[in-house]
Structure formats: C-alpha cells, structure tokens
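# What the coordinates show
Listed below are the residues making up each chain.
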Amino acid sequence: MPTAFDSPHETVAVIDFETTGMSPSTGGRATEIAAVLVSGGQIVGHYASLMNSGAWVPPFIEQLTGISNAMLERAPRAEHVMREVAAFVGDCPLVAHNAAFDRAFWCAELRRADREAEQRFACTMLLARRLYPESTNHRLGTLAALHRLPDAGRAHRALADAQTTAHLLLTMQRDVMQRYALRAAPHELLMQLQRAPHGRLAECIAGHSTRAASAETPIRQPALGRLP
DNA sequence: TGCCAGGCCCTCTTTAGGGCCTT
C-alpha cells in the first residue's frame, strides 16, 4: 500500500502490562511488560519480559494470565526490566488499550526504577469508541474479532496483547485515512481524535488536512474512560 | 495472602450513581 500511515520516521510504541491488580495505588505491581514498535504502517520490533517485583500473584491472576509465582521467581528484577524497556522505546509516543491503566503502571514502575515517565499516551480504546460506536463493546478481544486481526497468541499475555493492540492501531489508522481521504494518520492526529467531542471527528481531521470530509453524521457517544 | 482503582460519560442527573475497560 503506497499511502503513508504517519509522519516521516514517526515510530510509536504500543505497550501492555500484566499486573497483580488493578492499580499501583492499591499495591498492584507489574508482572510482565511488552512493547511493540510500529512505524510506516507495520510492526518493526518488539520487547517483552516477565519481571520480578517480589509481589505475590493471586490465583485469579495466575489463571487469567498464566503467569505464576514460580515463573516470576526466575524472572529478572522489575527495576532492570523497566530500565531496559524504557531504553527500548526511547522517546517514542506510547499507545495502549485503556491507556489509563497501563500509564499508571508505567509511571509507578519507572519511578521505582529511578526513571522519569515523560511520554504521552494514546488510547486505542478511546479511539475505538469514537471510530466504531457500532461495536457491542470496546474490549480488545471484541475489537480484534470485529476486525479479524491476526492471532497474536494467548490473550492476557503482554506480547500477544501488545501485538493485537498494534494491529488494532494500524487498522484504525487505515480506517481514518480511508474514511477521511487522508494520506497519513500521524500520532498527533490520533491524540486529537481520541479527545474529539461528540460527532466532531471531521473537525479534528480538518485541522490536519484540507482534504477532510465536509460532513459527518453525529454518533451516539458511549461512556468514556479517563483521557490519558 | 485481596474482591481492591481511576476518570469520563450517560442518564430515570445536576446536592448522583452506574457503566465502561484494563489485571
């Protein structure tokens, strides 16, 4: 496909955490992280590692993710992994599905590793709610099935979920370009689209391209998560 | 070994409550 997905040399990193709980503020710790680099409309690299923070994995989480306490005992230390993954993604903008969740762990775990979290996050869930209001829900698995995304392996493992999210991002970039006749769908545009008010996607597009669609049918706005 | 959070949006609202998503 000859069209450009993003600005020249723009690379974004799609990340996904597996954790022991829902929030670092209640003692949740990361157990695994994956980062998938996306550039020029394709996946160009990835990093994935379990991480040992010393935290206990509850049975429910072990059943959900397949990550056991025994596996984490043999894993590298969380601080080491976070420094590695931070170096891997560099200053790339970050993307995650329900980015508020991953952003909280990204910040908390980097802080424990004496690193600053400075990247901006885009959220594929917020984008999907605006682009695909017809979907029954906006869970990653549902969207993957809806768009027949490539099977990345076991769900609720960091690399598989990050790869699925990366494919969802590429699909949304493609859909935005086709729907609004754009030559590119750079990260900055996606950042604005995820915050687009009710039925105002075209106006956001117009700010980025003189070829934006001239009219748009307002859509019912679903409940939205926190903007990262 | 625990039943937890967070913020935005919709609606039978607005001096509030529940759903969405993530592990």
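Here goes a summary of the coordinates provided. (Residues numbered from 1 in each chain as written. Chains lettered and ligands numbered in written order. Predicted model: local features only at pLDDT ≥ 70, side-chain atom pairs only at ≥ 80, totals over all residues. Heavy atoms only, no water.)

### Some remarks on the pairing of strand 2 (residues 30-39)
Burial within strand 2 is extensive, with ten of its ten residues counted as buried. Bridge count for strand 1 (residues 11-19) against strand 2 is nine bridges, and the pairing is antiparallel. Pairing of isoleucine 15 across the sheet is with alanine 35, part of strand 2. Two strands pair when backbone bridges link them, and strand 2 and strand 3 (residues 42-50) are joined in this way by eight bridges, in the antiparallel orientation. Note on strand 3: the bridge partner recorded for valine 38 is isoleucine 43. Count of turn residues in the strand 2/strand 3 antiparallel hairpin: two residues, of which glycine 40 carries a positive phi of about 60°. (Buried < 20%, exposed > 50% of the residue type's maximum accessible area, 1.4 Å probe, protein only. Helix = DSSP H or I, 4+ residues; strand = E, 2+ residues; numbered from the N terminus. Pairing = 2+ DSSP bridges.)

### Considering helix 4 (residues 99-112)
The terminal C-alpha atoms of helix 4 lie 20 Å apart, and with 14 residues this matches the ideal 20 Å at 1.5 Å per residue to within 8%. When helix 4 is considered as a whole, its buried residues turn out to be Ala99, Ala100, Phe101, Asp102, Phe105, Trp106, Ala108, Glu109 and Leu110. In the core, the buried residues of helix 4 are packed alongside strand 1, strand 2, helix 3 (78-89), strand 4 (94-96) and strand 5 (121-123). Remark: aspartate 114 follows helix 4 within two positions and exhibits a positive phi of approximately 60°. (Expected span 1.5 Å × (residues − 1). Contact = heavy atoms within 4.5 Å.)

### With respect to the sheet that holds strand 4
Here we have five strands laid out as an open sheet, ordered 3-2-1-4-5, and mixed in their pairing. This sheet does not close on itself; its edge strands, each paired only once, are strand 3 and strand 5. Taking the axes of each pair of neighbouring strands and ignoring which way they run, one obtains an average angle of 25° across the sheet. Along the sheet, helix 3 makes contact with strand 1, strand 2, strand 3 and strand 4, crossing strand 3 at roughly 170°. (Axes fitted to C-alpha atoms, helices over the stretch in contact; angles between N-to-C directions.)

### Here we look at the packing of aromatic side chains
A complete count under the given rule lists three aromatic pairs for this structure. A ring pair is formed by tyrosine 47 and phenylalanine 88, whose centres lie 5.9 Å apart and whose planes are at 35°; its orientation type is tilted. Of this pair, tyrosine 47 sits in strand 3 while phenylalanine 88 sits in helix 3, placing them 41 residues apart in sequence. According to the relative accessible area criterion, tyrosine 47 is buried, its value standing at 13%. Looking at phenylalanine 88, the relative accessible area reads 29%, which means it is partly exposed. With a centroid separation of 5.0 Å and 50° between ring planes, the pair formed by phenylalanine 101 and phenylalanine 105 is classed as tilted. Residue phenylalanine 101 and its partner phenylalanine 105 are located together in helix 4, separated by four residues, close to a single helical turn. On the basis of relative accessible area, phenylalanine 101 is assigned to the buried category, the value being 18%. Judged by its relative accessible area of 0%, phenylalanine 105 falls in the buried class. (Phe/Tyr/Trp six-rings, centres within 6.5 Å; stacked < 30°, edge-to-face > 60°.)

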